[in-house]
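Here is how the chains run, residue by residue.
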Amino acid sequence: MSGLGRKMIIDGEVEKIDEEAHYDFDLFVIGAGSGGVRASRFSAQYGAKVAICELPFHPISSEVIGGVGGTCVIRGCVPKKILVYGASFGPELEDARNYGWEIGERVDFNWKKLLHKKTEEIVRLNGIYKRLLSNAGVKLFEGEGRVVGPNEVELTQLDGAKISYSAKHILIATGSRAQRPAIPGQELAITSDEALSLEELPKRVVVLGAGYIAVEFASIWRGMGAAVDLCFRKELPLRGFDDEMRAVVARNLEGRGVNLHPQTNLTQLVKTDDGIKVVTDHGEELIADAVLFATGRAPNTKRLNLEAVGVELDKTRAIKVDEYSRTNIPSIWAIGDVTNRMNLTPVALMEGTCFAKTVFGEQPTKPDYIHVPCATFCIPPLSVVGLSEEQAIEQVNGEILVFTSTFNPMKNTISGRQEKTVMKLLVHAETDKVLGASMCGPDAPEIMQGIAIALKCGATKAQFDSTVGIHPSAAEEFVTMRTPTRRVTGAVKPKTNL
Ligand code: NDP
C-alpha cells in the first residue's frame, strides 16, 4: 500500500489530495512507450511507487501489439532509421566509384539480412527498456490496461484474467496508431507497421501521403532499388514545413528516381495476377507489389473506457489535457501522441519529465513547445527549428530577412552527384533574432540540434555571424550567410513574443 504524503502546488494553488486514502500504487501508467517509460522512471526516482502496463510484442510478426519501448523503438523511429541507414548505402556505393572504389556493375542487397539485424536490435532495445524500468523500481505488468475509475485501472493479463489496481494518479501514454482512408480495396494496402517487417522487399511500391512517413519510406525503398510512386493531395510534400524547403525535398526525391504524383488521390486498389493495381483520380493505373498508406496516425483511446469514466476527448478522439498534461479528472493525466499535441518522441519524453516533476517532484513544470527541432529522414534529410517563412510572415510583426544558401556539398564535387544542399535562416530585422532555421542535405538533423540550442538561447544573427565556422564543413554555411536573399514583411499585429 502506498500514498505519498505530499501536496502538489500548481500555479500557486495547493492541490487537496486525499492524504488518508491508500492505494496500491502512487502512479499507474498505461502504455510503456517513450513517454510512459520516461514518466514512470522519473516518478519512481522521486520516491513514488509506480506500476506500468504494456502488452508484449512479437518481434517477427507485423501484428500490431504493444512492446515496452513503444512505437518509437518497436515500430517507428528506431527501425525506420536502421532502414534509412541500410538504404543510404546504395547511393553511397555509387558515389564511392569516383573516390576510387572499384565496385562491380552488380551490387546485391540482402533485405532478409537487414530485416534480421533490425529485429535483433529491436529485441535488444526492448530488453534495455525493461531493465530501465526494473532498475528504477517500476513494476511492469504485461497486459492491457483500461481505466475503470478515477483511481482504478483494470488489467487484462495475457491469460485473459482481469485484476484491478488502485492508484493515486493514473497516466495514459498509449500513443497513436496508423489510420487508413476508406478507399475501395484499402485492405490490400499496408501501413508503416507492416512496412518495417515485410518478408520480401517489394520491387514496385506506391506510397499514398506526403508526411514524414511517406517521404521516409519512399526514400528507403528507392535507396534499396525499388520503383517508387509517391501520390499525394497537395502540390508539394510535407505540408506544414517551409514551402521553399518542401520544393527542395520534392526535387531531391525526383532526382533520386522517386516518381512524384502531386495533387493525386487514389480511387481504388485491385488485386491482379501481376500485383496490386492502383487507380488514381487522374485515371492512371499503377501496378505495385506493395501499397503503403502513410496517411497520418490517430490517438490510441478506443479501448481505454475513457468516456465511461468521464475523461474528455477532442474531436480527433485525443485526450484533452491542460498545460500540465492533466485531464478534466484531477487524478488522470495523459502525455504523448494520445494527446495529439506535438507528435514527436522527444516531445513525449519532455511531457513525461514535466509530469514527474509536477506530480512527484514538487516542481510544477509545463512542457515548452517553443523551438522544438525536428527532422524527416528522407534521403537526404530535412531538418528544421523555429518558424517557417510562411509562419514568420503570419506570426511576426515587421520586416523579416530571409537568408538562403544553396550549394554543392564538397563530397559531390568528386562523386559527381547532382544534388544541392539548401539552408535557410529567417531573421527579425528589428531585433536581429533568428526566428527559424532549415536545412535539407546530408547530416541536417545532426547540425540542426546545435542550431536549436542557439535559437532556444535567443541567438541573434550577429551572434551567428561572430561564430567561427568549422572548415571544411557544410555546417559552416550557417555562420557565413552575409547578405539576405530577400526581405518579407510579417503581419501587422504581433502574435509571437520574440
Ligand atoms: P502526417 O500527418 O505527417 O502526414 C499525413 C499525410 O497523409 C499528409 O501528406 C496528408 O496529406 C496525407 N493524408 C491524410 N489523409 C489522407 C487521405 N484520406 N488521402 C490521401 N492522403 C491523406 O502523418 P504520417 O503518417 O507521415 O506520420 C504520423 C506522425 O508520426 C506525424 O505526426 C509525425 O509527427 C510522426 N512521425 C515523425 C517522424 C520524425 O520525427 N522523423 C517520422 C515518422 C512519423 P495532406 O497534406 O494533403 O493533408
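Residues numbered from 1 in each chain as written. Predicted model: local features only at pLDDT ≥ 70, side-chain atom pairs only at ≥ 80, totals over all residues. Heavy atoms only, no water.

Visitor: Lay out the site of the ligand with the relevant residues and their values.
Guide: Around the ligand, the surrounding shell holds 20 residues, and the nearest of these are Ala210, Arg233, Lys234, Arg239 and Ala375. Alanine 210 is positioned with one of its backbone polar atoms (N or O) 2.8 Å from an oxygen atom of the ligand. Here glycine 296 contributes a backbone N or O atom positioned 3.0 Å from an oxygen atom of the ligand. With three residues, the top contributor of residues to the shell around the ligand is helix 6 (residues 212–223). Looking at the shell around the ligand, its residues break down into nine nonpolar, five polar and six charged. (Near = heavy atom within 4 Å. Polar contact = N/O pair within 3.5 Å; in protein donor to acceptor, adjacent residues only side chain to side chain. Helix = DSSP H or I, 4+ residues; strand = E, 2+ residues; numbered from the N terminus. Nonpolar A, V, L, I, M, F, W, Y, C, P; charged D, E, K, R; others polar.)

Visitor: Would you mind going over helix 4 (residues 111–135) in detail, with residue names and values included?
Guide: When the terminal C-alpha atoms of helix 4 are compared, their 36 Å separation across 25 residues agrees well with the 36 Å that a helix rising 1.5 Å per residue should span. Among the residues of helix 4, Trp111, Leu114, Leu115, Lys118, Thr119, Ile122, Leu125, Asn126, Gly127 and Leu133 are the ones counted as buried. Buried residues along helix 4 sit in contact with helix 1 (34–45), strand 4 (50–54), helix 2 (70–75), helix 3 (77–96), strand 5 (139–149) and helix 5 (192–195). A positive backbone phi angle near 85° is found at glycine 137, which sits one or two residues after helix 4. (Expected span 1.5 Å × (residues − 1). Buried < 20%, exposed > 50% of the residue type's maximum accessible area, 1.4 Å probe, protein only. Contact = heavy atoms within 4.5 Å.)

Visitor: Could you give an account of unusual backbone geometry, naming the residues involved and the relevant values?
Guide: Cis rather than trans, the peptide bond between isoleucine 379 and proline 380 has omega equal to -5°. You can see proline 380 is positioned in the loop between strand 18 (374–376) and strand 19 (382–386). Histidine 471 connects to proline 472 through a cis peptide bond whose omega is -10°. Tracing the chain through its elements places proline 472 in the loop between helix 13 (461–465) and strand 23 (486–489). If you check the backbone angles, aspartate 432 has positive phi at about 70° while not being a glycine. With respect to the helices, strands and loops of the structure, aspartate 432 is situated in the loop between strand 21 (421–428) and strand 22 (434–440). Overall, the relative accessible area of 24% leaves aspartate 432 in the partly exposed class. Although it is not a glycine, aspartate 443 sits at a positive phi angle of roughly 65°. By secondary structure assignment, the location of aspartate 443 is in the loop between strand 22 and helix 12 (444–456).

Visitor: Any details on the UniProt feature "binding site: FAD" (unreviewed entry) in the protein? Residues and values, ideally.
Guide: In the numbering used here, UniProt assigns the feature "binding site: FAD" (unreviewed entry) to Lys81, Gly145, Thr174, Gly175, Ser176 and Asp337. With a sequence span of 257 residues, these residues are also far apart in the fold, their greatest C-alpha distance being 29.9 Å. Tracing the sequence through the fold places glycine 175 in the loop between strand 7 (162–172) and strand 8 (176–178). For glycine 175, a relative accessible area of 15% puts it in the buried group. When near neighbours in sequence (up to four residues on either side) are disregarded, glycine 175 contacts Pro299, Asn300, Asp337 and Val338. (UniProt positions renumbered as here; feature names shortened; annotations may be inferred.)

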